[in-house]
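Okay, here's what each chain looks like letter by letter:
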Amino acid sequence: MRQVGHRESDAILGAMRQVALAGGRPLSYADTASILAAAHYLLRRPDLTDIDSLPAVDPADLVSALKADRDLAREGVKYLAIMALVDGVLDKQKLTRVLEYARALDVEAGYLTELVEAASGHMAWAIADMTRKNFDSVISRSSDGIDPVAGITP
């Protein structure tokens, strides 16, 4: 990923914090560690040590910060989606917040559909879709019409 400016990285990290705070709960250790790790390793912001210093970024603010860079907007939504899972469960309130940001940024992605389906109790569908996409990545093309078991069995 290209170098991201402080305005854009603060907006993404601030939105991640807002997702973590969804539902009025306090930040967990996993939330804090995830945001700091994203700052350090993904957005190259090792200087950020206090996530309370991040701005409270709503969807419109994130659109304003990222509107010029569609690729960064898509990448940012991935970071937000992770926040719905960092405590080891798929948090529906956090996912709802992620979807608000995704809609505002006009980002649609298969992983968001999978998260919605999983949160709706459709785990078999979500697992089947993830399995199909994983198989597609292994064969480097669409697996439509191929029996995945026959395709990988020696």
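None of these values were measured; they are calculated from a predicted model. Numbers given to residues run from 1 along each chain, matching the order in which its sequence is written. The model is predicted, so local features are restricted to residues of pLDDT at least 70 and side-chain atom pairs to those at 80 or more, both for listing and for counting; the totals for chains, interfaces and linings are taken over all residues. Excluding hydrogens and water, the side-chain figures rest on all heavy atoms present in the structure.

Caption draft 1: Region of interest: the packing of helix α1 (residues 6–20) against helix α5 (residues 92–105). Orientation is described by lines fitted to C-alpha atoms, with helices fitted over the stretch in contact, and by angles between N-to-C directions that extend from 0 to 180 degrees. Strands here are runs of E lasting at least two residues and helices are runs of H or I lasting at least four, both read from the DSSP assignment and numbered beginning at the N terminus. Axis separation between α1 and α5 bottoms out at 8 Å; the angle between their running directions is 145 degrees. Contacts from A15, Q18, V19 and A20 in α1 reach K94, R97, V98 and Y101 in α5. Residues are sorted three ways: Asp, Glu, Lys and Arg are charged, Ala, Val, Leu, Ile, Met, Phe, Trp, Tyr, Cys and Pro are nonpolar, and all the rest, Gly among them, are polar. Grouping the amino acids of the contact of α1 with α5 by side-chain chemistry returns five nonpolar, one polar and two charged. Should any heavy atoms of two residues lie within 4.5 Å, those residues are considered in contact.

Caption draft 2: Fine view of the pattern of salt bridges. By definition here, a salt bridge exists when the distance from a side-chain nitrogen of Lys or Arg to a carboxyl oxygen of Asp or Glu is within 4 Å. If you walk through the whole model with that rule in mind, you get ten salt bridges. Between D87 and K94 there is a salt bridge, and its shortest N-O distance comes to 3.1 Å. Taking relative accessible area as the criterion, D87 reaches 40% and is therefore assigned partly exposed. Categorising residues by exposure relies on relative accessible area from a 1.4 Å probe, with only protein chains included: less than 20% of the type maximum marks a residue as buried, more than 50% marks it as exposed, and the intermediate range marks it as partly exposed. What makes K94 buried here is its relative accessible area of 2%. What you see here is one network of salt bridges that share partners, running through D10, R45 and D47.

Caption draft 3: Geometry of the nonpolar core. I12, L13, M16, L62, L66 and L80 are the most contacted members of the largest nonpolar core, which has 38 residues in total. Of all the secondary structure elements, the ones that give two or more residues to this core are α1, α2 (29–42), α3 (59–66), α4 (70–83), α5 and α6 (110–119). What is meant by a nonpolar core is a set of buried Ala, Val, Leu, Ile, Met, Phe, Trp, Tyr and Cys residues, joined one to another through side-chain atoms within 4.5 Å.

Caption draft 4: Inspection of the environment of A68 at higher detail. Among the structural elements, A68 can be located in the loop between α3 and α4. Residue A68 is classed as exposed on the basis of its relative accessible area, which comes to 80%. Remark: the alpha-carbon pair of A68 and L36, spanning 32 residues in sequence, is separated by 25 Å.

Caption draft 5: Spatial organisation of the packing of α5 against α6. Where α5 contacts α6, the two axes come as close as 11 Å, and the packing angle between them is 150 degrees. Taken together, the axis directions place α5 and α6 in an arrangement best described as roughly antiparallel. Both α5 and α6 take part in a crossing whose hand is left-handed. Taken together, the residues of α6 that come into contact with α5 (itself represented by K92, L95, V98, L99 and A102) are L112, L115, V116 and A119. Class assignment of the residues belonging to the contact of α5 with α6 gives a composition of eight nonpolar, no polar and one charged. If an angle is under 35 degrees, it is roughly parallel; if it is over 145, roughly antiparallel; if it lies from 65 to 115, roughly perpendicular; otherwise it is oblique. Two helices cross in a left-handed way if the nearer one is turned anticlockwise from the farther one by less than a right angle. They cross in a right-handed way if the turn is clockwise.

Caption draft 6: How the structure looks around the side chain of K94. Note on placement: K94 falls in helix α5. Within the local environment of K94, its side chain forms a polar contact with the side chain of D31, the two groups lying 3.2 Å apart. Of the polar contacts made by the side chain of K94, one reaches the side chain of D87; its length is 3.1 Å. What K94 contacts, discounting residues up to four positions off in sequence, is V19, A20, A22, R25, D31, M83, A84 and D87. As used in this structure description, the phrase polar contact means that two N or O atoms lie within 3.5 Å; if the pair is within protein, one of them must be able to donate a hydrogen and the other to accept it, and residues adjacent in sequence are counted only when both atoms belong to side chains.

None of this, on its own, says anything about what the molecule does.
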